[in-house]
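What follows is each chain in one-letter form.
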Amino acid sequence: MTARVLLQQSDISRALTRIAHEILESNRGAADLLILGIHTRGVALAQRIATRIESIEGVPIRVGSLDVTMYRDDLAEKPMKIPGRTDIPVDGIDGLTVVLVDDVLFSGRTIRAALDAIVDLGRPAAVQLAVLVDRGHRELPIRADYVGKNLPTSLAERVQVKVEEFDGIDEVKIES
Amino acid sequence: MRHLLSAKDLSRETAIEIMDTAEGMSEVAGRSVPRLPALRGKTVVSLFYEDSTRTRTSFELAAKMLSADVLTFSAKGSSVSKGESLKDTAQTLAAMGADAVVVRHAASGAPKLLADSGWIDAGVVNAGDGTHEHPTQALLDAFSIRRRIRSGDSTGTALDGVKVLIVGDILHSRVARSNIWLLNTLGAQVSLAAPATLLPRGIEHWPVKIHFDLDRALEEKPDAVMMLRIQSERMHAAYFPNPREYSRFWGLNDERLHGLSDDTLIMHPGPMNRGLEISAAAADSSRSTVREQVANGVSIRMAVLYLMLSGARRESQ
């Protein structure tokens, strides 16, 4: 098995900064935004994007976390996972533009589960998707609005994202 | 987790895992649509051979919040009251495709019999058996203590060094038994205060300290005081002279309430006998966790059902 590092800390940092700018540009500011990270690594990435938006715009921005474990369609087959916490603003998500953040976009099934979870939480004005890595092989009609890096992969390869908050290091590796 | 039969058998890791899962569940109750789709298509049967509104509704609500289908068999008004044996009831439930059975029975060990018998393939949750155990109550009590004492993020923590005093009818209390084992597993120091007539035989072998004077027990400044209900339905002998005397010696009255430090938790598994084992002021004080215990009970039972019924883990064990 060989592993290649595709993105290093500086690459990841630049990608997140660009995504922050793109989010602001296409939403014309940060007024009604909620940056919502999907457990586990999406939460850390969402926090970093939010910090960047705050320093660009100079205003505080809503950040939250979303656990989609209970909404997965493979819950009955896969080894069971302990669900994490879902944290959203106290006054709900109605009318906000929710930017979902995840580390890797692959089959699209996690995002499908996240969309279902969001529907149970309220009625946002719009939902957008930001991912650090898009590795292709979608199984559902889902696409990302903001992509850090497009990585053409084969199904046999494994993409591994590490973030400092959980893994002590920032890097994206591909194993084959 | 295949079954949940007793708190004594729970490992520290599993207990913490259940509490951490309950932490994730607790936020659901506050939603406008308090539903998670995790157990869609699963059937949970509540099989209650003894009356219990609280525990039964708590389990049923927990199952419904996870989108499971719920069937209720209560002793009254079902084939059970017509003399059907546990075996036949179990086989009926198996034929109906039950995935989990929540059972309460007056005989200690009935849930274990159901789990080990091979009559039914479903997971079995003990919701109280005789004077033996009531594991979900112990889990929700530990969870309530953990949430209050470790304010903020309590995920992953146990109860090491926490002092818990359990007061009252230990003899008949499956709540006390389950709590003693689980709290001990989680590293808490458990002491009991009770009249000698209401302590079970062999208590000296339990991992607890025993007081025969409530005021002296309270002097040790416990972090939580758990008052047990005087179960008049089980009082078939003269365990104490009269309720008024019991209340004076063993009740958490207003005077004892004022002697407690401000952060001592007051717990009660419910239903309370106000004026007997607990005064109204104690039950309604800000230190009381009685209502939190009810809410936390739903989260804990959601966690137990989820861990039992979802994932490939069931096959692997």
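The paragraphs below set out a description of the structure included in this document. Everything numeric here is computed off the predicted structure, so don't read it as measured data.

This part covers the side chain of Arg177(B). Residue and element names in this part refer to chain B. With respect to the secondary-structure elements, Arg177 resides in helix H6 (residues 174-185). Here Arg177 sits buried without a salt bridge, and the closest side chain of opposite charge, Asp169, lies 7.5 Å off (N-O distance). Setting aside residues up to four positions removed in sequence, Arg177 forms contacts with Thr131, His132, Ile170, Leu171, Pro200 and Trp206.

The next subject is the interface of chain B and chain A. In this assembly, 22 residues from chain B lie in contact with 17 residues from chain A. Overall, the association of chain B and chain A removes approximately 1,600 Å² of surface from exposure, summing both partners, and the carbon and sulfur fraction of that is 61%. Across the contact surface, chain B and chain A share one salt bridge. Its salt-bridge partner being Arg85(A), residue Glu23(B) comes within 3.5 Å of it at the nearest N-O pair. Joining chain B to chain A, the criterion identifies three residue pairs in polar contact (both at pLDDT 80 or more). Listing elements by their share of the side of chain B that touches chain A, those giving two or more residues are helix H1 (12-25) and helix H11 (290-309) of chain B.

Let us look at the packing of helix H5 (residues 135-149) of chain B against H6(B). Residues and elements named next belong to chain B. In the contact formed by H5 and H6, the axes pass within 8 Å of each other and the chain directions differ by 55°. One way to sum up the angle between H5 and H6 is to call them oblique. In the crossing of H5 with H6, the sense of the turn from one axis to the other is right-handed. Here Pro135, Gln137, Ala138, Leu139, Asp141, Ala142 and Ile145 of H5 lie close against H6, whose contacting residues are Val175, Ser178, Asn179, Leu182 and Leu183. Considered class by class, the residues forming the contact of H5 with H6 number eight nonpolar, three polar and one charged.

Glancing now at the environment of Asp223(B). All names here are of chain B. Residue placement: Asp223 occurs in the loop between helix H7 (214-219) and strand E8 (224-227). Each C-alpha atom of the pair Asp223 and Gly30 lies 28 Å from the other, and the pair is 193 residues apart in sequence. If we skip the residues at most four places from it in the chain, Asp223 touches Ile149, Gly161, Val162, Lys163, Asp263, Thr264 and Leu265.

What follows concerns helix H3 (residues 109-121) of chain A. Residues and elements named next belong to chain A. With 13 residues, H3 extends 19 Å between its outermost C-alpha atoms, agreeing within 8% with the 18 Å of an ideal straight helix rising 1.5 Å per residue. What H3 keeps buried is the set Ile111, Ala113, Ala114, Ala117, Ile118, Asp120 and Leu121. Those residues of H3 that are buried are in contact with strand E2 (33-38), strand E3 (62-66), strand E4 (97-105) and strand E5 (126-134). Where H3 terminates, the next one or two residues include Gly122, which has phi positive at roughly 160°.

Before going further, it helps to spend a moment on H11(B). The terminal C-alpha atoms of H11(B), which comprises 20 residues, lie 29 Å apart, in line with the 28 Å expected from a rise of 1.5 Å per residue. Within H11(B), 16 of the 20 residues are buried, which leaves the element mostly enclosed by the surrounding structure.

Conventions adopted
- Residues numbered from 1 in each chain as written.
- Chains lettered and ligands numbered in written order.
- Predicted model: local features only at pLDDT ≥ 70, side-chain atom pairs only at ≥ 80, totals over all residues.
- Heavy atoms only, no water.
- Helix = DSSP H or I, 4+ residues; strand = E, 2+ residues; numbered from the N terminus.
- Buried < 20%, exposed > 50% of the residue type's maximum accessible area, 1.4 Å probe, protein only.
- Lys, Arg positive; Asp, Glu negative; His and termini not counted.
- Salt bridge = Lys/Arg side-chain N within 4 Å of Asp/Glu carboxyl O.
- Contact = heavy atoms within 4.5 Å.
- Buried area = accessible area lost by both parts, 1.4 Å probe.
- Polar contact = N/O pair within 3.5 Å; in protein donor to acceptor, adjacent residues only side chain to side chain.
- Axes fitted to C-alpha atoms, helices over the stretch in contact; angles between N-to-C directions.
- Parallel < 35°, antiparallel > 145°, perpendicular 65-115°, else oblique.
- Left-handed = near helix turned anticlockwise from the far one by under 90°.
- Nonpolar A, V, L, I, M, F, W, Y, C, P; charged D, E, K, R; others polar.
- Expected span 1.5 Å × (residues − 1).

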